[in-house]
Each structure stands twice: as C-alpha cells, then as structure tokens.
Amino acid sequence: MKVRKIVTVVEEIRTEGGREVWPPARVAVVAAVIENPWAGQGFVEDLGPGIDETASDLGAMLAPQVLAALEQPAEAYGKAAIVGLDGEVEHGSALIHTLKFGDHFRKAANATTLLPAVEKRGPAGVVFDIPLKHITDATIRSHHQTVEVRIADAPHADEIVVALAAAAQGRPQQRLAALSTEQ
Amino acid sequence: MQANETSTVPGLRKLVVYRETLVTEAGARPARPVQQASAAAVVRNPWVRTGPSRDLSEEVARIAPSLARLLTDRLADALGGVAAIEAFGKAAIVGNAGEIEHGGALIHTPYFGNLMREFLEGESIICFADARADAGQPLVVPLWHKTHAATRSHYQTVSTRVPDAPRADEIVVVAAASTGPRPHPRIGDRATDPVITVKSLESVLS
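Residues numbered from 1 in each chain as written. Chains lettered and ligands numbered in written order. Predicted model: local features only at pLDDT ≥ 70, side-chain atom pairs only at ≥ 80, totals over all residues.

Undergrad: Got a sec to walk through the overall build of chain A? Specific residues and values, please.
TA: Check the secondary structure of chain A and you find 3 helices and 7 strands. For chain A, the α and β elements follow one another from N to C terminus as β-β-α-β-α-α-β-β-β-β. At 17 Å, chain A has a C-alpha radius of gyration in line with the 16 Å of a compact globule built from 183 residues. On the principal axes, the C-alpha backbone points of chain A span a range of 50 × 35 × 30 Å. Out of the 183 residues in chain A, the part that is buried amounts to 48%. Relative to all contacts within chain A whose residues are 6 or more apart in sequence, the contacts with residues 24 or more apart total 77%. (Helix = DSSP H or I, 4+ residues; strand = E, 2+ residues; numbered from the N terminus. Rg over C-alpha atoms; globule rule 2.2 N^0.38 Å. Buried ≥ 20, exposed ≤ 12 C-beta atoms within 10 Å, placed from the backbone. Contact = placed C-beta atoms within 7 Å.)

Following this line, the structure appears as structure tokens:
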C-alpha cells in the first residue's frame, strides 16, 4: 500500500438551531490518500489479490486513528472510498466493502452493524458526505447523520481516498420519534 | 484535538480541526515528516447590521483573545505541542452580510495576533488570507516561519473549508500551522541566492 497522506478532521458543534449543545457534539474523520492498487493495469477481472494486499492493512491503520481523534467512545460510524478519475468506483468498493477492512473498525469500536458508506469517483478537491449510523442498531434514528469532507489535492487520477468516520453521539438537538412509534 | 476545554468564545457555533500528515510527496518520503493543521472557529459576526462608522474595538477586546486561546490550543494539540510548530498563518472568512473589515478586526489586532504569536512562541508577523464568501467556500491560508519569516523552505499553504459556514451573519476565524518545511524544499534561500537584478539578467530579459 502506497500512502501519500493521512488527513484528520474533527468537528465540534457548540450550538445548533440557536441553542447550546452540551457536551459539544463531536464527529471525527480519518482519511488515507493511497495509490489505486489497480492503477495503470487496464480492466482487472479479479480484484481479490489487490484486496488481500491492501484492505486489511488499511482498516487496521485507520480504525485506531479515527477513534483516537474522536477522544470519546463512538456511537455512530461510517466509511468512504473516493476514487480518482482514472479508476473504477469498483476499485474503491473493493477496498471498503470487505469484512477484512470493516472488522478492524467494528472490533475497535465494539460495534456490530454494517458500516454505511459512500463510494464515488471525482477529481481532487471533490466534496463527499460520509453517512453514519448507530454502531449496534442501524434503526436508531437519532444517530443517522453525515459529515462532509474535502481534501484540496486528493484524489489524484490514480489514487483512492479511503476514510472512516465516527461520531460520539447522534445529531445535535435530535428529537425525532423512534422508528418503533410508527410500527 | 481535545474534547473538553473550558474556554468559551462568545457566539461560537462550531469548531473544525483539520490535520494533514504527509507520508510521501512525488513518490518519496520527505527528509523530515511534516504535519500541517488548521483550526477554524465559526462565530457570530457581532457587527452585522452596523454601519461603516461603527467602532469595532469593544467587541474585538471581548472576542478576539478567547479565539486566539482556543484556536492555538487546538493547533498545538493537533500538532504535538507548541514546540513542534515551526510555521504559522491566520485567516478570516466573513459571511456575506458582513464587511471584510469585520474579519480583519478579529485577526489583525493585537488582541488576536499578539496572543497567537505569544501562545505559539513565535516572533514573526503572522501572514494571513481573508475573504468574504458563502458557506463552504475553501480558502488557502499562507504559512511562514514563526521566528524567521524569510526562511524560504517554510513558505507553504494549507487549504481550509467549513462545509456549512460562514452563514451570512457569521465569521470563520482560522489559525493554521505546520511542523516543518515543504516536503522537498530545494529552491535555495537568501544565503545561497546569487545577486539578481534587472541589470544582471539583461541578456535573459532582452
């Protein structure tokens, strides 16, 4: 795995809707900008070897960092793969849609649910939203949220940005009725 | 990127800390691993709907020092302490209902600049960028060496952006820093430059 840079973003919301949020709502993202393992190889039919070489190491690297940046236990989480313009979205999906990748985060966060994800292709500086859901029950509405990320010079055409996101709570000022009230 | 500091900034809506750790550049590891970071605070513009003759000093004295404290704390925390910081810069993005002067009021007076310099143990003038913009507009913040501003290896920038700020009646105030030079600095410095004048380059320019 060839890493160019690691980007960490922490958002802390102090007021929302004009009211104080206390404790402040925290969301953290850690993204690795890596060379697309399949760059320059034309259409690769079997992505398995590239996945085996990269996905687990990537998950192992990012999971502890995003939890460290959050500085609190994660209650919601999500992931992203943003593929540079010369790659396939399938390349990004290959790296993040495997248990080899996601299990590192699930284990580190004591989580059980599947990670919601964004996969897209774009130029350097593309804005992307990472969806997050509750780490043990994806039906918990209060924790459905997104965090927006942009890296000014990534991904290059032959790169992939792979990111994990974690939130210490649900949405600030969350006040929707639970799903069960509609069933 | 500490969670629970107690300092309060009047009108603070949110805080965004961004850090880049460069691993390779142009395919090679830099001689010195460097991190860049920015800390951005979204605050209410206290001067919206006031006219251009309005004295700004009272709010500057009330708001700017706590901003300097909060943002430099977060920067130092993100970069491994004040001693690790070698270059710094600052910026303001003013929402469209405000004047650029309002952003300048929060970053260009001693109530912010002197404190930022002192907190980060610098001596240089702090370089800056400012803009009036809609929410989500990126701004490139220049950095230079905190004690020797003319150190060419440390001329660099960091891009900052808060997705949903500034609203029209807000200001985003940014402090930014780096732990070292550009990844592969190799454009000399004042000590090694030849003497270049228009006359010395007459043949090139003609």
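We are not done yet, so read on.
Undergrad: I'd like a rundown of the interface of chain A and chain B, residues and numbers included.
TA: Taken together, the contact pairs 20 residues of chain A with 20 residues of chain B. When grouped by side-chain class, the residues that make up the side of chain A that touches chain B number 8 nonpolar, 3 polar and 9 charged. Direction of pairing for strand β1 (residues 3-16) of chain A relative to strand β1 (residues 12-22) of chain B: antiparallel, over a ladder of 9 bridges. Counterpart to A:K5 in the pairing with β1(B) is B:L22. (Nonpolar A, V, L, I, M, F, W, Y, C, P; charged D, E, K, R; others polar. Pairing = 2+ DSSP bridges.)

Undergrad: Could you give an account of the environment of A:A60, with specific residues and numbers?
TA: Residue and element names in this part refer to chain A. One can find A60 in helix α1 (residues 48-70). On the neighbour-count criterion, A60 (16 C-beta atoms within 10 Å) is partly exposed. Separated by 41 residues in sequence, A60 and R19 have C-alpha atoms that sit 38 Å apart.

Undergrad: Mind laying out α1(A), listing which residues take part and the relevant values?
TA: Residues and elements named next belong to chain A. Over its 23 residues, α1 runs 32 Å from end to end, which matches the ideal 33 Å to within 8%, given 1.5 Å per residue. Of all the bends in α1, the largest measures some 30° and sits at T54. Every buried residue belonging to α1 is among T54, A55, L58, G59, L62, A63, V66, L67, A69 and L70, and all of these are buried. A positive phi of about 65° marks E71, the residue just after α1. (Expected span 1.5 Å × (residues − 1). Bend = angle between axes of the 7 residues up to and from the residue.)

Undergrad: Pulling in residues and values, what's your account of the pairing of strand β5 (residues 139-145) of chain B?
TA: Residues and elements named next belong to chain B. Of all 7 residues in β5, 5 are buried; the element is thus mostly enclosed. Where strand β3 (residues 87-94) meets β5, 2 bridges bridge the pair, whose relative direction is antiparallel. Each bridged residue has a counterpart across the sheet, and for F88 the counterpart in β5 is W144. Alignment of β5 against strand β6 (residues 156-160), held across 5 bridges, turns out to be antiparallel. Across the sheet, the residue bridging to L143 is Q156, located in β6.

By themselves, these are just geometric observations and shouldn't be taken as functional.
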